[in-house]
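# Per-entry structural report
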Amino acid sequence: MLRIRDIQQPIDHTPESLVRAILVKLKIRKDELLDYRIVRQAVDARKKMAIFLVYSIDVHVKNEKRFLDRRKSGAIVPAPNQSYHEVASGRETLSASPVVIGSGPAGLFAALLLARRGYRPIVLERGKEVSERYRDVERFWASGELSGESNLHFGEGGAGTFSDGKLTTLIHDPRCRKVLEEFVAAGAPADILYLSKPHLGSDRLPAIVKTIRQAIIALGGEVHFNCCVSGLKAKDNQITGVDISGQGSMEASAVILAPGNSARDTLAMLFKTGVNLHAKPFSIGVRIEHEQQWLAETQYGSSAGHPRLGAADYKLVFHAPGGRSAYSFCMCPGGLVVAAATEADGLVTNGMSLYARNGTNANSALLVGVDPADFGNDHPLAGIEFQRIWERKAFALGGNNFFAPLQLVGDFLANRPSKVLGSIEPTYRPGWCLTNMNDCLPDYVIETLRSALPFFDKQIPGFASHDAVLTGVETRSSSPVRIVRDECFESNIRGLYPAGEGAGYAGGIMSSAVDGLRAAEALIRKFACP
Ligand SMILES: Cc1cc2nc3c(=O)[nH]c(=O)nc-3n(C[C@H](O)[C@H](O)[C@H](O)COP(=O)(O)OP(=O)(O)OC[C@H]3O[C@@H](n4cnc5c(N)ncnc54)[C@H](O)[C@@H]3O)c2cc1C
């Protein structure tokens, strides 16, 4: 097959015009084109008056070799082989089934691969299965009644189950394709295989993660909910098992550890056990909300709302003169700002969308990078205490009931508390409290955001409009800790494979899932299939 890149089409194009474009690009007749398949579809909206779809297409044509001379142009190349390469099994003997801690993307994809290879993994997940978890999350949003073990971070599918389900990533790893294919096999829409910005949505994710769980079980694995791993057993620096809170222990000579970035008790347990941990940089800030319709018109002009464009989004970066940076993160078009707390006295925001992304507001996090020098001491878990300080301040500022501190951008820029809402209705539940963000974020974060907003407004006019809503605080953008692992993916305790975002090796659904696959491959390379 050949891959043709950079085929531009107007957004209203027909399938026939796409075929004509292929024929023109290859300078062939219609009967010479045997088959074609879209492998990437992106939107080029740099000129609002002339928005294009840009395609990469794999084609089968008669006598393909003649086209390979044109490779120098870069526009026609042999189609790369995207199939997943399985690793060979090792020789060491497993004393029991491998254990996977956590059923987020990292744990779930690690377990799925182990199950497909016949290793019969046992997944231990502290939270509940997805439909019970859904009810707990809904209750929290409606009433502020938080469940410490079943919330937006803990439970089947992990942190991303109630999210926008964006599958975009900055990593370039061939395993990304494998992750997308597994999602499609589990019921995700097939267009995620070629859209440049694929997403799943909070309404589709629960069924998808449940299907992956069922696949693991059908392949001989086990998935246990309400099983919080509270201790590790090791002998001669080799893992021998895990303790499960209130439920005894389980033997294991290989454990994939994928606890996500909010399992603070688990990270504290790892520290006490002597697992090598390092503090790492992450980011904190606020969520910003605008009207989605305004954003769509700003980005797409008169084409706003065209079904082929999808919901408009943005990505913004600002480098402050002092060295700090501010950036937009986890943009959720047509989405909601959500309460994402895990502790009874700490408030955390995040964002989610349904697949249709058809809500009234657009939101994204506006974050400023922080690093261990900001944390106050050099303890490996100092970043967690740093997060807690700001989460507790936000909780208190909102009224000690999970109402979020909220401020309009105009007031934030003028450094005065907000008194009344403007034209944008905030989406955060269970409620909010108009105030001044100064009181729940570090000065340097506030100052960097105050410098960034006018800069962002130049890129998207209206971005820093008076009525845009800021909701605080966003503190769990990525892990404040790295669980050190070597080139064989093992920690200083042999047989313990840290993986995913909480281990500090990924940020987001796709990279966490890929990291889970990499950890499972490392385990397979070492151990024989039982
Ligand atoms: C509201 C929200 C929206 C998001 N939106 C997006 C998005 O659109 N796109 C994107 O790419 N990323 C998004 N993210 C981030 C993404 O969800 C995470 O990067 C990803 O889930 C990390 O995967 P993980 O497997 O490493 O950890 P997690 O998904 O956090 O999973 C860890 C799992 O381990 C379990 N666990 C923890 N400790 C223990 C223990 N001791 N014993 C047993 N089980 C344990 C937890 O209950 C949890 O289920 C979002 C996150 C949130 C919270």
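Check the entry above for the structure.
What you see is a predicted model, and the numbers here were worked out from it, not measured in a lab.

Cut-offs used in this document
Residues numbered from 1 in each chain as written. Predicted model: local features only at pLDDT ≥ 70, side-chain atom pairs only at ≥ 80, totals over all residues. Heavy atoms only, no water. Pairing = 2+ DSSP bridges. Helix = DSSP H or I, 4+ residues; strand = E, 2+ residues; numbered from the N terminus. Axes fitted to C-alpha atoms, helices over the stretch in contact; angles between N-to-C directions. Contact = heavy atoms within 4.5 Å. Phe/Tyr/Trp six-rings, centres within 6.5 Å; stacked < 30°, edge-to-face > 60°. Buried < 20%, exposed > 50% of the residue type's maximum accessible area, 1.4 Å probe, protein only. Near = heavy atom within 4 Å. Polar contact = N/O pair within 3.5 Å; in protein donor to acceptor, adjacent residues only side chain to side chain. Areas by Shrake-Rupley, 256 points an atom, 1.4 Å probe, with all protein chains shown as cover. Nonpolar A, V, L, I, M, F, W, Y, C, P; charged D, E, K, R; others polar. Arc of directions from axis to C-beta. Salt bridge = Lys/Arg side-chain N within 4 Å of Asp/Glu carboxyl O.

Another aspect to go through is the sheet that holds strand β21 (residues 469–474). Taken together, 7 strands build an open sheet; the order of strands is β14-β15-β18-β13-β21-β19-β20 and the sheet is mixed. The open sheet has two edge strands, β14 (317–319) and β20 (432–434), and neither has a second partner. This sheet shows a mean twist of 30 degrees between the axes of neighbouring strands, independent of strand direction. Pairing analysis gives 5 bridges linking strand β13 (residues 282–291) to β21, with the strands arranged antiparallel. The partner of G285 across the bridge, within β21, is E474. Running over the sheet, helix α7 (residues 292–300) touches β13, β15 (325–332) and β18 (361–370) and is turned about 90 degrees from β13.

We now examine the packing of aromatic side chains. Taken as a whole and judged by the stated rule, the model has 13 aromatic pairs. When the centroid spacing of 5.0 Å and the interplanar angle of 85 degrees are considered together, the rings of F140 and F402 count as edge-to-face. Of this pair, F140 sits in helix α3 (residues 130–143) while F402 sits in the loop between α8 (382–398) and β19 (404–408), placing them 262 residues apart in sequence. The pair F140 / F402 is uniform in exposure class, with both members buried. Look at F386 and W390: their rings are 6.1 Å apart centre to centre, the planes differ by 70 degrees, and that puts the pair in the edge-to-face class. Placement of both F386 and W390 in helix α8 is noted, with a separation of 4 residues, approximately one turn of the helix. Residue classification places F386 among the buried positions, given a relative accessible area of 4%. Linked through ring pairs, Y314, F318, F455, F456 and F463 together constitute an aromatic cluster.

With that settled, the discussion passes to the site of the ligand. Neighbouring the ligand are 38 residues, the closest being A106, E125, A159, E501 and I509. Between I509 and the ligand, the recorded distance is 2.7 Å, taken from a backbone N or O atom to an oxygen atom. In this structure, an oxygen atom belonging to the ligand sits 3.3 Å away from a side-chain N or O atom of S512. Protein contacts shield 95% of the accessible area of the ligand, which totals 1000 Å² for the unbound molecule. Looking at the shell around the ligand, the elements with two or more residues in it are α2 (105–116), β17 (349–352) and α11 (509–526). Residue classes in the shell around the ligand are distributed as 16 nonpolar, 17 polar and 5 charged.

Looking at the element boundaries, E156 is found in the loop between α3 and α4 (175–185). In this structure E156 touches S103, E125, K128, E129, V130, R133, T161, V209, K210, R213 and F225, once residues within four positions along its chain are discounted.

Quick look at α7 now. Along α7, the residues classified as buried are Q292, L295, A296, T298, Q299 and Y300. One face of α7 carries all of its buried residues, which in axial projection span an arc of 165 degrees. Packed against the buried residues of α7 are β2 (33–44), β13, β15 and β18. Positive phi appears at G301, one or two residues downstream of α7, with a value of about 55 degrees.

Quick look at the sheet that holds strand β6 (residues 122–124) now. Across the sheet, which stays open at both edges, the 5 strands sit in the order β7-β6-β5-β11-β23 with parallel pairing between neighbours. Each edge of the sheet is formed by a strand with only one pairing partner; in this case those strands are β7 (222–224) and β23 (496–498). Geometrically, the sheet is characterised by an average inter-axis angle of 20 degrees between neighbouring strands, direction not taken into account. In this sheet, β6 lies alongside strand β5 (residues 99–101) in parallel orientation, the contact comprising 3 bridges. Following the sheet pairing, V100 is matched in β6 by V123. Lying over the sheet, α11 contacts β11 (255–257) and β23, oriented at roughly 160 degrees with respect to β23.

All right, on to the pattern of salt bridges then. This structure, assessed with the given rule, holds 38 salt bridges. The salt bridge partner of D136 is K128, with a shortest N-O separation of 2.9 Å. The class for K128 is partly exposed, based on a relative accessible area of 23%. In this structure, E391 engages R476 in a salt bridge whose closest nitrogen and oxygen atoms are separated by 2.9 Å. Taken together, the residues E391 in helix α8 and R476 in the loop between β21 and β22 (481–483) connect sequence positions 85 residues apart. This pair shows no difference in class: E391 is buried, exactly as R476 is. Connected through shared salt-bridge partners, R264, E343, E385, R388, E391 and R476 make up one network.

Worth remembering: the numbers are spatial, not functional.
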